[in-house]
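Inside the fold
Residue strings, one per chain:
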Amino acid sequence: MAHYTLTTVTTTTTSIGEARPLAVNELAHAVGAEIEWVVELVEVGIVELPAPRPARDEWRFHSADLQCALEARRLQRDFGVGLDAAALILDLQHEVRRLKAALGAHGLSDR
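To start, this report covers the structure provided alongside it. (Residues numbered from 1 in each chain as written. Predicted model: local features only at pLDDT ≥ 70, side-chain atom pairs only at ≥ 80, totals over all residues. Heavy atoms only, no water.)

**Side note on the pattern of salt bridges**
Counted only if it meets this: The working definition used for a salt bridge is a side-chain nitrogen of Lys or Arg within 4 Å of a carboxyl oxygen of Asp or Glu. Labels follow the DSSP assignment, with helices taken as runs of H or I lasting at least four residues and strands as runs of E lasting at least two, numbered in each case from the N terminus.
If you walk through the whole model with that rule in mind, you get six salt bridges. R74 is the salt-bridge partner of D78, the closest N and O atoms lying 3.7 Å from each other. Here D78 and its partner R74 are both found in helix 3 (residues 63–79), four residues apart, which amounts to about one turn of the helix. Connected via shared salt-bridge partners are E71, R74, R77 and D78.

Structural data, given as structure tokens:
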């Protein structure tokens, strides 16, 4: 006779948007990092805060910030890059997408 173990998995989701941005601890949790890692993201410019910079408990992040944080995390994990290098890579990726969009808008191929 076979024995089976039943496992229950609970998933929680948080809606992210202009009306419900993420706090610093929520962003850290969403990417599986510590709050200090998010602080480093801000320091290297991967995610930006309004000027003057609010107190840390008032930091709020939106979906684009989450996407950038996830990409930075992936670059660190998959390629072992530091956050300075991740910031440069993300900037270059953004610029390539912008240039491709500009080429497409003018009817030119990016190939």
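Let's pick the thread back up.
**Some words on the nonpolar core**
Counted only if it meets this: Residue types Ala, Val, Leu, Ile, Met, Phe, Trp, Tyr and Cys, when buried and joined through side-chain atoms within 4.5 Å, form a set referred to as a nonpolar core. Buried, partly exposed and exposed residues are distinguished by accessible area as a fraction of the type maximum, computed with a 1.4 Å probe on protein chains only: under 20%, between the cut-offs, and over 50%, respectively. The contact criterion used throughout is that any non-hydrogen atoms of two residues lie within 4.5 Å.
Ranked by internal contacts, the top residues of the largest apolar core, which has 25 residues, are W37, L41, I46, F61 and A72. Those elements that provide at least two residues to this core are helix 1 (24–31), helix 2 (35–44), helix 3 and helix 4 (83–105). Broken down by element, the residue count for this core peaks at five residues, all from helix 2. When near neighbours in sequence (up to four residues on either side) are disregarded, L41 contacts I46, V47, A69, A72 and L83.

**Observations regarding unusual backbone geometry**
For the bond from A51 to P52, the omega torsion is -5 degrees, close enough to zero to count as cis. Within the fold, P52 resides in the loop between helix 2 and strand 2 (60–61).

**Side note on the packing of helix 1 against helix 3**
Heads up, the rule is: Only the stretch in contact is used when fitting a helix axis, every axis being a line fitted to C-alpha atoms; angles between N-to-C directions are given from 0 to 180 degrees. Throughout this description, any angle smaller than 35 degrees is read as roughly parallel, any larger than 145 degrees as roughly antiparallel, any in the 65 to 115 degree range as roughly perpendicular, and the remainder as oblique. Helix crossings fall into two classes, left-handed where the near helix is turned counterclockwise from the far one by less than a right angle and right-handed where it is turned clockwise.
At their nearest, the axes of helix 1 and helix 3 sit 10 Å apart, and the two run at 45 degrees to each other. One way to sum up the angle between helix 1 and helix 3 is to call them oblique. Handedness of the crossing formed by helix 1 with helix 3: right-handed. The segment helix 1 lies against helix 3, with L27, A30 and V31 engaging L66, A69, L70 and R73.

**Focus on the layout of surface pockets**
Let me state the cut-off plainly: Buried and open spaces are told apart on a 1 Å grid over the protein atoms alone, a cavity being a set of points where a 1.4 Å probe fits but cannot get out and a pocket being an open set with protein on both sides within 12 Å along at least five of seven lines. Residues with an atom within 4 Å of a point are the lining residues. Grid points are joined across faces, edges and corners, and a volume is the space filled by probe spheres set on the points.
Taken as a whole, the largest pocket spans an internal volume of roughly 310 Å³. In terms of lining residues, the largest pocket is bounded by 15 residues, among which I46, A64, C68, L90 and H94 are the most central. Tallying contributions element by element places helix 4 first for the lining of the largest pocket, with six residues.

Worth remembering: the numbers are spatial, not functional.
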